[in-house]
Structure formats: structure tokens, C-alpha cells
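# A look at the structure
Residues per chain are reported as follows:
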Amino acid sequence: MAADREERRFAEVSRDSVKLMAESAGLELGDEVAALLAEDVCYRLREAAQSSAQFMRHAKRKKLTVDDFNKALRWSNVEAICGYGAQDAMLFRSVKEGELFFVEDRDINLIELALATNIPKGCAETMVRANVAYLDGKGNVGPQGTVPAAVQSLSDDLLKYYQQITRAILGEDPHLMKVALQDLQSNSKIAALLPYFVYVISGVKSVSHDLEQLNRLLHMVKSLVQNPYLYLGSYVRSLVSSVMYCILEPLAASINPLNDHWTLRDYAALLLSHIFWTHGDLVSGLYRQILLSLQKVLSDPVRPLCSHYGAVVGLHALGWKAVERVLFPHLPAYWANLQAVLDDYSVSNAQVKADGHKVYGAILVAVERLLKMKALSLPQPAEGCSIPLPAMYSELYSFFGDSLAVRFSTEQSFGGFSPCTPSHFRETRKEPLGHVSNPDTTRKMPQLTANLNITLRPQDQSLARSSMQRSRASSSRSGQRSIGLSRDVFPKARFTSPHSGPPTFSFVIGGRQMGRRCQGRRPFQTIFVPTPPPPVVLPRVYTHKLPVIGRVCKPLRRWTRSHYSLHLPL
Amino acid sequence: MYIKYIKSEPPSDGFGNSNANDGRLLSSSPGAGTGGTATGNNKPAPGPPEEQQTLLAVLQFLKKSKLAESAEILRREAGLPEDALDPKGTDASGSGPGLAAGSGQVDGVDASSLLSRVTVSSSAAAQAPKKDSSLAACFYSLSASPDQPDVSVVLSAYSQQGDPSLYDAYYSGLKRFIESVLDCHRAELSQLFYPLFVHMYLELVYNNNESVAKAFFEKFSGDQECYYEQDLRILSSLTKKEHMKGNETLLDFRTSKFVLRISRDSYQLLKRHLQERQNNQIWNIIQEHLYIDIFDGMPRSKSQIDAMSGSLAGEARREANKAKVFYGLLKEPEIELPLDDEDEEAENEEGKPKKKKPKKDSMGSKSKKQDPNAPLQTRIPLPELKDSDKLDKIMYMKESTKRIRLGSDNLPSICFYTFLNAYQGLTAVDVTDDSSLIAGGFADSTVRVWSVTPKKLRKVKSAADLNLIDKESDDVLERIMDEKTASELKILYGHSGPVYGISFSPDRNYLLSSSEDGTIRLWSLQTFTCLVGYKGHNYPVWDTQFSPYGYYFVSGGHDRVARLWATDHYQPLRIFAGHLADITCTRFHPNSNYVATGSSDRTIRLWDVLNGNCVRIFTGHKGPIHALAFSPNGKFLASGATDGRVLLWDIGHGLMVGELKGHTDTIYSLRFSRDGEILASGSMDNTVRLWDAMKAFDDLETDDFTAATGHIHLQDNSQELLLGTYMTKSTPVLHLHFTRRNLLLAAGAYNP
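Residues numbered from 1 in each chain as written. Chains lettered and ligands numbered in written order. Predicted model: local features only at pLDDT ≥ 70, side-chain atom pairs only at ≥ 80, totals over all residues. Heavy atoms only, no water.

## Observations regarding the confidence of the model for chain A
Reading predicted coordinates in detail is not appropriate for stretches of low pLDDT. All names here are of chain A. Across chain A, pLDDT averages 67, with 62% of residues at or above 70. Confidence, expressed as mean pLDDT per element, reaches its minimum in chain A at strand E4 (residues 505-509) with 37 and its maximum at helix H4 (residues 66-75) with 89. Contacts for the low-pLDDT stretch residues 1-7, under 50 throughout, to residues beyond four places or in other chains number eight contacts. Confidence over residues 140-152 falls short of pLDDT 50; this stretch has 17 contacts with residues more than four positions distant or in other chains. (pLDDT = per-residue confidence, 0-100. Helix = DSSP H or I, 4+ residues; strand = E, 2+ residues; numbered from the N terminus. Contact = heavy atoms within 4.5 Å.)

Right, here's the structure in full:
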């Protein structure tokens, strides 16, 4: 195995290749000779490659060229290999039957070439252009961000490009838009146009009635952000403010309930987090500023619910730490408002109420991930300020009740259930009417009670059993008190395990594991002991094995869908 | 089968002609053991008899190869009696140039062993291993091609047979021992791992134990320090005895002793352990291939060791950095500054803001004092100032009165010269001192010169036309120029390979270019034609630079030697040999008395132009060095390498004094601001970074120098010293230049 790895450290010329080459030259080689030759060839190749790197370094390039290799060959008195000097990559073709790979070498009709009338133009003359990049060392923040510098040097070509691109993106043809966005994402020569595009994007404020346009502009932001050749610099701030506008503002488009502005907000929130994670370092204090403005919106009761929704989604997109920092402490205050909205069953309130449910769902998702991430980060000593998980859970439970508990289960029995179906949304809006008489302060998501399908997975059983054995002695206390105690932590758990166990909570969290290969949800477990050991030993272990609602079985590659509020990869 | 660097091309310069003979000549040299009798009055006395023998051998060799002049010089310098050798071949063929062979460190440790090799084995001596002795360097320079020492002889040291299966046990035994010793010793003794590992591996390979060697490599290569990764990769591809021939890295390793600095306590510990265990195999390797520089005092810490290690052959020996270096600046010639105030006022009226009132006093007094650390004005002959030079000096002084004082709170503006449509072909850039011209060397063998001022480039008229002009007129200099040829760009054709280094002469009349084709060319910027092709390197010449006073220039290349040239000599004046790998960059000290070279062996050497001695060896970089810069006061040297770090060196004390971390890719350019307050570094990572050089060096002076030991504690303050990071637009920064008014110019090719 080790030898195998050693072999694979370098590209190898196999014995068979050597034999084949010998055959093509009309020689018959024995295995042994071929093996020796192959080894020697490999060594020579490596040596040449190593010395060619030197020529690359001195040419101040990062890309090794055929030319470099030829120079190395020449200086070691080997004939150079001609005919491969082109800059473009060589196309390899394979022949299936022979397991052969070769570079395509087309015949060139010299006569045709010689008589061709379209003589290629020579490449443009090498030239030097001077530009003051940074004035008084302050370029990074100062004059770079202003438009004028770019205006003067805008050539006709660039201007044309700019017009074409903006027309394509804001125009009707979806295909054209796609092409334009693709180019915006990969074009390396548009640095001078950046201020223009940023300006166009800042036009979101004037098209807040048109979801489609907003969407296109957001896509434009995404393309610009993803372009590796663009240095956004202080334009990040401008882009962020445009995106924030889409997330937070009560857009004119949202007056009509038929407009799906929620999706736009979800997408904008994702974009925000993308910008923040990739370009956040360009503007100092960006994170704080974003958090502040989100917090401001959230704590402003006058704002419509869709703004609140945006704030929650934005926080969620920025990560669970942001949720913990802003949303969680604010929740008690906010809850009262939301409660009022949700409890008003008058017909005139129906629309607002539906919005309220949207917000509710968004908060739930955010809080769920917060809990999960906290549970995950628990093994490492968390920073002192944070609230212990059980306390947080119990507090959150007081708001959400079982709809929260039910999120932490393992079952896959509802594999087919997809939250993104429109029916689901209808349900969301409709269902609460059926709960009119529900006096409970905790609010349940509609589908919760409907289908609880409980099965114990064997591995969980064995786990429970083994833990049971460990503390059998202490397990046979009276159950009465301990139930009450456990209720503080996980109140109203639907399912109680028949086994008794030690004071260890086996807390099974269902969710998608990180990584590409996960098929559906794979449960993973976090077992934790409550920090103050309970005075009374618990006779039972509550393993939550409730099926989950609104989960998709298949992990979605893109999460820029409208069901964002209910699906979230962990 | 091809073997690199076997002498395939006949060397084309003067010394090279003796190349074919030297084997025969040397084999017949009997070492002529006349004892040391004469001593020169103030010449270094020829020391122990074997050293003298060495000298005699060289002398004889020189005579035989009819290099009478050189022989004479050597004889005089060594203080040998005239009849030390019976003069046989005094018919001077006159081919001997004024050669004072450059040398590595003069330590003569290996001289005796070398001599015995000279007398015993002709083939070995013919190509003279590049031992760090002056003798070797001398031979080496004579052979004038970067040939390897004869492989069989070099490798024969590996032929001793130990039980290959025991190597593993030996090594892991030592490893266990080192891991078990006290912490303070462990770091020091850990230095042994790498050289031992390599030598043991090579021995295994040499003795055809391929599978054992592979297993050995597999097992222990992971333990080595990460900065040896490059070498290990080369090593790992080497698994056959046949391949060892012609492998540079291997021969470097074999021919130079790996230098380790270990405290006496740690060394005793090691010695005791090896003697107790009767571990002769390892002891032999240590004796034969390692040079352990023992010092008294506290063992060094891991970080101290890591700071200094990383070079191909270990650290520098302490005595290598003991020589005195005159790092002070030469006194500027006094030129009365004509005060044409009208001129300046006129300029002010034009609306150009004047930054500062000229301070004539400070300028004058500064140049009058003689720096005790400065070399004598006449230490090396410098060209006399021409009238035009004086004019230029006056311009310079005028400009410098308008210079902006830079500092951490006053950063320079940066102007970027972007080479467009260069198609990745730009390999070198230089800017004239007055920032009026910019030149680029290209992979397509051309050199292109642009004027960056409105003044166009013009050629001198042809000879026929020149005859017609009135030579008495005042504006004759203007009249000789051909207006018809005026253009922004001139292209110089002549090289037959990529141009890797270019340098303007200080007077802007000449341009040097060094190329892959092995030549250095001198171009006239009056006629835009090639004046001279300097041949001598025979292998790619990676860098060249004019002396700050003109006339001299230095070059370094793939043949591992740096050469000092004068523009009017077609052969080098000095050859600086000692580096174990390619010389990648060369720089002149501001006082023109010293030359710094950076190399792929990850060391920097400072050479004395006067006598060709290596006076400083700086180790600490973990990758090939691609940029060097002297501070304007001549006291410090900054170096940048592929490891993305800038290291700062105190030349006088021979110490590393700072480490600037931040770049993520090779640093290709370094430059101090005109007053030395700011160091700018440009890199492949498309950034220019500015560092607070003043602070870096100030902090140091308050520190008490542990100069005696040379063991410094570097504080990690890169972040404090970093004043700014400036991104370019997909353009690697190949060159940096501070204008006389301290505007920073950067240049590179746009690389989409």
C-alpha cells in the first residue's frame, strides 16, 4: 500500500506504453527491458520537469509552458519537442478499444492555407499604460470607489458591452439573460465597468414594484460577486445596500399577495451571506452594520411583517451566531407582537395572518438551526457568554412547543413529503383556522399532529439498552418526579421510551450531514449531560423519535427555492 | 541517456581553452613541496605547509596552462618566492585576463584533502569540487563551465557497505534518542535529521538497495521539516544509482558539508550517545558529510533554529560572517548647486505645489562627514564624473529637495505601469533612476524601451548625416539626433532567448540585458544598437545589474557563479563562486564595493568586489531568492523569495534582523524608498505591500545585539510593520521603483 502511494506520487509511463512505442518503431522489447526503460524514462521526465520549473519561475509565470519544458530539454542536450508551442490546451482523445489517449493531430492543407485570403491579423502591439493606482497610499478606501476615474478611460467597446449586457439582463429574453450573466461572471476585462453596473444595481429602489426586475438585478449582483477578476473594493458596500433593500423593504410588489416576494427575499438573503463570506473582508465593520440594520428592522413593530420576515431570513443566512446574537434575545419581545397577529382570526386579518405564519416559519427554521449548531459545538467549550443549550431549548420551547421538538427527530418515514409543493403553502394559510379553539400559547405548525409514526431504530434501541445496563442500579426509582423534571427540559415529548436509563439525554438530531455524498437525511446523535446533574436520577430516557415535518428526503443542491423557510440543510 | 552538464559545449572564453588540458597537467603536478620560506610584508603568510602546497600546485597549473600573468598575481598575493617553481613556460600567451579568482569562504578546511585528490586522482581534480575553499573556486573559475565534480569520485564516498537493513534501525534509534533528550537539546539535535536522512538515503541508493531505500524514504520523509519539501521531492524521484550521476541536488549535497550549529552541551550529548551505541554508521556520516559548528552557551530554541535553517547546505558557518564589511556610503563629490530661483518660481506659478523649501544646509553637511564604516573613496577605481553626470547630479539634488518625506502616516502614491498585450511574455522590467524610461525584457528575446515622458526616443543620425552638421554650434547635441526616428518605443533585437534581466546604466546611455542564450548584451540608448555581447556564462543568465556608479556590472546565472564585468572588458574582472545552485538575482551595494547575490540554494551571499571574497552568507529563506534590495544607507539588505517572506539583514553584524510575512506568493521585487523609511515589496500574488522599514530597523537598535553568538530572537511583528496592501488588477508586480520624489512606480504585465 505504501509502495503504491509512492508510485502514484508521480506521473508514470507504464511498461506497456514503452512496449507499444517500441513496437511502433519496429522493435520487440522484453518485459524486463521495458520495465527498466519505463523507469528511466519516468526519472528523466521528472528531472526535466523539475528543471523546467526554473524557467517558469524566471519568466515570472505560474503556468508551466511547453516552451519551458523544451528549454529544460535543450539545456540537458536533448532534442526539443516541436509543434506544441500553442497557448491553447491540447485536446486529448481516447480510443475506447485500445485504451489509448492521444493528441489530435489534424492534417493541414497547406495549399489552402497558403492561398487563404483571410490573413489573420497580428496581435495587438505590446504597450505600457500608466495609471495612478493609489493616491497617498489610501487607494483602498478613497478614490477607487468614485466613478469618474473609470469614465474617462471607457473605450467604445466597453460602452457597447455595457449597453448590450444591461439590455440583455433587464430585457425579456431569458436565454439572453443567462448568457449575459454567465459572461458577467467570467469576463476579466470589465473592471472599468464595475461602477456602472453597481449604479444599475442600485436602481433596485426604483423598480420595487417589479419582482422580475428585482430578481434580475439580484442575479447581476451574484454574477459580479462571483467574477474572480473583479476587485469589488468599496463597491461591496453599495452592493450590500442594494441587496439589503430587497431583503428588508416592504416592496411595492408585496402589496399583491399573489406576488411571491418571499422567494426574492430568500434569494437576496442567501446572496447577502454569499457576499459577506466572500468579500466581507473588503469593508471593515460590515458584519456589524448588517446586523445592526437587521436588528433595527426586527425591533420596529411598525414595519410590515414581510420586512420582519426579511430580517429573520437575513439573520439566518448570516449564520447561527447571528441568530443567537440578535434574534434570540429579541424573541420574547417580538413574540408578543407575532402572537397578537396570529391570534386574530378576523377575516380582515387573514392576509396579515398568513404573513405572520411566514415569519413564524422563518423563525422556527432559524431557531432550529441555532439549536442544532449549538448542540454540535457543545463538545468544544463554548464561549462563556452563550446560554447553555438546555436553557435555550426550554425557552424556545415555551414559544414553539412541539413544532420545535418535532424538528429534532430521526425518522425517515415521511420520505416523500415535500414542503415545496404548493399545496403545502395553501395548507399553511388555511390550517390555522382549524385551530381556533386552541387556547395553548404554544403554536403548532399545522401538519404536526397529523401523522406521527413512531418506530424505534434498532441501533437506538441498543444504545438505550446499553446505557440502561450501565446504571441499572439507579434506574428503578420512582418515575413520577423525574417526569416532571424532564419536562422542564424537553416538555411534552410525545414518546417516552419504555426503557429506563441513566441521567444522560440521548438527543438524536435528524438532519442532513455536511458533505456531498449524503443520501437523504442521516441521523447523527449528540449525547450530552445537563451541566448541573439532576438531584434525582431519571428513570427514563426520552429519546425523541418523532417524525419530522416538511422535510425533503432528497437533499436539494440549490436552496434558492421558495420553500426556504421550511427546508434547510444543516 | 543524457547527463546534465557534462561538458558538451566547448567554453568560449579565454580560460576555457585550458580546460581540455587541465586534467593532464594536474596529474603531473607533483605538489612541489618547497616549504614556506618567504612572506610578503603585509600579505597573509601562507599558513600551514599543506596550504602552501596547494598554492604551489595552483601556481604550477597556471604556469603550465600559460597563464603567466595570473600566476604572477597569485605568486605575489600569496607571497611565494619567485623560484617557488622553476619557470618553465614563461612565454606568456597573453590570454590571461586580470583575474583574481573569486572564492568562497576562505577556510581551507578541505584544502589538504583536496590537494591529495589533486595529486592522486586526476579526473577528480580536473573539475575541482566546489568546496568552499579558494582553491576550489579558482579551479572552478578556470574550468569556466559549471561542470560537476567527477561523479564517480564524488559518489565513491558512498560505496562503503553497511548493512542496508540496519539503516532503518540506526535512524529510528537516533530518532528515539533525540526525542528522549531534554527539550532544550532536542530542537538543536533535530537539525541532524534532515542531512542524515538524505545521506543515508543516498547511500542506500548508491549501493543498489532500491527497495530498502524506498521504504526508508517512505518511513522517514514525513518527519522532515516542511521547508525541505522541494529537495525531498527531487530526492524521492531518485531511486537508481545510474540516476545519481548528473543530479545537481545530489552532488550539491555531497560536495558541500552540511553546516549545523549546535551548542557544546548538545554536541557532547550526541557524541556520547553515538559512542555508547557504537553507532559507527551515523558517526561516519556526521564526520564525513556534516560540519558541526559548535558554540558555547545556551542551546538555541526551535524558533531560533527555524529562522536560520532552510538552505541547501545548512546554516552559514559563524566565521563566514566575521569579515569586516565597509557598508557606509561613499562621499558624494561636491558639486556647487547653481541656484536658479527664477526657474523654481516659474514652476510655482504654473500651479505646481511645492512640497518643501529646499534645505541646502542639511544636504551639504551630510555629504561632508566621512562615515567610519565607509570604504576608502579609492578602494575600487570608479569612473570619473562627466559633465553630463554632474548635470544629472544637480537635477537629482533639485528633485530631492521636493521629495516627500514618507512614513507610516504618510504613504506614497503608487503609479502602476501595466504592460498590455504582453501575452505572458514579460520577464524583466527596469526603470531609469530619473524615471524617464522604462524597459521590458520579453520571452520573445526582444528588449523594448519606452519613454514615459513626452520626450520621444531618438536615434543619433547616421555617420554620413553627422558629417554634415555644424560641430561648433552650441546645440550640437541636439543636432546629432535624428528627428525622423522619434518614437515612444524602441525595440532591441539581438538575443536568442528570453531576456531575464535588464538594467539601465545610471547615466541612461546604456542598457544591459541578460538572456537565456547565455550572453549579456550592452545596448546603446543613443543609437539603439547592440554594442557588446559579453559571453562567459554559457548557461542562462538570470540577472544582471549596473553598478550605481556605472562602468561595472554584475551578472549571475545558471552556472552558479556571479561575474563582475566592466563595460570595456569583454571578459569578467571577478568571478564569484560559492553558491551551490543557480544565482537568481544580483544587486550592487550603494557604495559599489560589494555585490549581493541570491540563489536557488536559498542563501544570499555578499561578495567583496575588491578581492572577490565572500564576506557574508545569509541563510534563512526557505525557497529560491528572487529579489534583493539594499537600504539607501547601505546598512541593511532586504531579500524576498518564493516562500513569500521578506527577510531583513544587518550587513555590518551579519545578522537576520527581521522577517516580514504577508505575501502569499513569490516576491519578485523589493525597493526601499529614497530615504529608506519604507520598504515596498511586489509579488506574484498581485499585490504591492508597504512595510515600515524605519520601525523594523529602529526597534532593533534599541535591542542589544547578541552579535557574538548571532542568535537572535525575531519577534513576529509583521502585522505591525505592514503599512498597506495594494491589489493590482490581475497583474503580478515585477518591478518597483521610487522616483526621486518618492512616488512609487510599479510595473507588471496584465495577465488575464
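## A few points about the side chain of Ser-514 of chain B
Residue and element names in this part refer to chain B. Position of Ser-514 relative to the elements: it lies in strand E12 (residues 510-515). A distance of 3.2 Å separates the side chain of Ser-514 from the backbone oxygen of Val-541, its partner in a polar contact. Ignoring sequence-local partners within four residues, the contact set of Ser-514 consists of His-495, Pro-498, Val-499, Tyr-500, Gly-501, Thr-519, Ile-520, Val-541, Trp-542, Asp-543 and Thr-544. (Polar contact = N/O pair within 3.5 Å; in protein donor to acceptor, adjacent residues only side chain to side chain.)

## Observations regarding helix H14 (residues 305-318) of chain A
All names here are of chain A. For H14, spanning 14 residues, the distance from its first C-alpha to its last is 20 Å, which sits close to the expected 20 Å at 1.5 Å a residue. Counting buried positions along H14 yields 14 of 14 residues, so the element is predominantly enclosed. Trailing H14 by a residue or two, Gly-319 shows a phi angle of about 115°, which is positive. (Expected span 1.5 Å × (residues − 1). Buried < 20%, exposed > 50% of the residue type's maximum accessible area, 1.4 Å probe, protein only.)

## Some details on the sheet that holds E12 of chain B
Residue and element names in this part refer to chain B. One open sheet holds the four strands; their spatial order is E11-E12-E13-E14, and the pairing between them is antiparallel. Where the open sheet ends on each side, the last strands, each with one partner, are strand E11 (499-504) and strand E14 (529-535). Sheet twist, expressed as the average angle between the axes of neighbouring strands with direction ignored, equals 20°. (Pairing = 2+ DSSP bridges. Axes fitted to C-alpha atoms, helices over the stretch in contact; angles between N-to-C directions.)

## Some details on the packing of helix H8 (residues 164-180) of chain B against helix H10 (residues 193-206) of chain B
All names here are of chain B. Interhelical geometry of H8 versus H10 gives an angle of 175° and a closest axis separation of 10 Å. One element, H8, and the other, H10, form an angle in the roughly antiparallel class. The residues of H10 that touch H8, namely those facing Pro-164, Tyr-167, Tyr-170, Tyr-171, Leu-174, Lys-175 and Ile-178, are Phe-193, Leu-196, Phe-197, Met-200, Glu-203 and Leu-204. (Parallel < 35°, antiparallel > 145°, perpendicular 65-115°, else oblique.)

## Overview of the interface of chain A and chain B
With 52 residues of chain A in contact, the opposing surface of chain B contributes 67 residues. Carbon and sulfur atoms make up 53% of the surface buried where chain A meets chain B, a total of about 5600 Å² over both sides. Considering only the surface of chain A that becomes buried against chain B, His-58, Lys-60 and Trp-75 of chain A emerge as the three largest contributors, covering 14% of it. For the interface between chain A and chain B, the tally reads three salt bridges. Between the two partners, chain A and chain B, sit 13 residue pairs in polar contact (both at pLDDT 80 or more). Broken down by secondary-structure element, the contributors of at least two residues to the side of chain A that touches chain B are helix H1 (2-7), helix H3 (31-58), H4 and strand E3 (127-134) of chain A. The leading source of residues in the side of chain A that touches chain B is H3 of chain A, at 14 residues. Classifying every residue of the side of chain A that touches chain B gives 21 nonpolar, 12 polar and 19 charged. (Buried area = accessible area lost by both parts, 1.4 Å probe. Salt bridge = Lys/Arg side-chain N within 4 Å of Asp/Glu carboxyl O. Nonpolar A, V, L, I, M, F, W, Y, C, P; charged D, E, K, R; others polar.)

## Notes on the packing of aromatic side chains
Evaluation of the coordinates by the stated rule reveals 34 aromatic pairs over all chains. Note on Tyr-162 of chain A and Phe-197 of chain A: the rings are 5.6 Å apart at their centroids and 50° apart in plane angle, and the pair reads as tilted. Placement of Tyr-162 of chain A in helix H7 (residues 156-170) and of Phe-197 of chain A in helix H9 (residues 194-201) is noted, with a sequence separation of 35 residues between them. When the centroid spacing of 5.9 Å and the interplanar angle of 45° are considered together, the rings of Tyr-171 of chain B and Phe-193 of chain B count as tilted. Of this pair, Tyr-171 of chain B sits in helix H8 while Phe-193 of chain B is found in helix H10, placing the two residues 22 residues apart along the sequence. Overall, Tyr-171 of chain B belongs to the buried group, its relative accessible area being 0%. By relative accessible area, which is 12% here, Phe-193 of chain B ends up buried. Following the ring pairs from residue to residue traces out a cluster consisting of Tyr-171, Phe-193, Phe-197, Tyr-201, Phe-216, Phe-217 and Phe-220 of chain B. We note Arg-317 of chain B situated over the ring of Tyr-291 of chain B; from NZ or CZ to the ring centre the distance is 3.7 Å. (Phe/Tyr/Trp six-rings, centres within 6.5 Å; stacked < 30°, edge-to-face > 60°. Lys NZ or Arg CZ within 6 Å of the ring centre and 35° of its normal.)

## What about the sheet that holds strand E21 (residues 603-608) of chain B?
The pairing of strands in a sheet happens through backbone hydrogen bonds and is either parallel or antiparallel. Residues and elements named next belong to chain B. On the basis of which strands lie adjacent, the open sheet formed by four strands has the order E19-E20-E21-E22 and antiparallel pairing. Pairing within the sheet leaves two strands with one partner each, and these edge strands are strand E19 (583-588) and strand E22 (614-619). When strand polarity is set aside, the average angle formed by the axes of neighbouring strands in this sheet is 20°. As judged from the five bridges shared by E19 and strand E20 (residues 594-599), these two strands associate in the antiparallel manner.

## Structural notes on the pairing of E11 of chain B
Residue and element names in this part refer to chain B. Counting buried positions along E11 yields six of six residues, so the element is predominantly enclosed. By the bridge criterion, five bridges tie E11 to E12 in an arrangement that is antiparallel. When the bridges of E12 are listed, Phe-504 appears paired with Leu-511. The antiparallel pairing of E11 with E12 creates a hairpin that spans five residues between the two strands, and Arg-508 there sits at a positive phi of about 65°.

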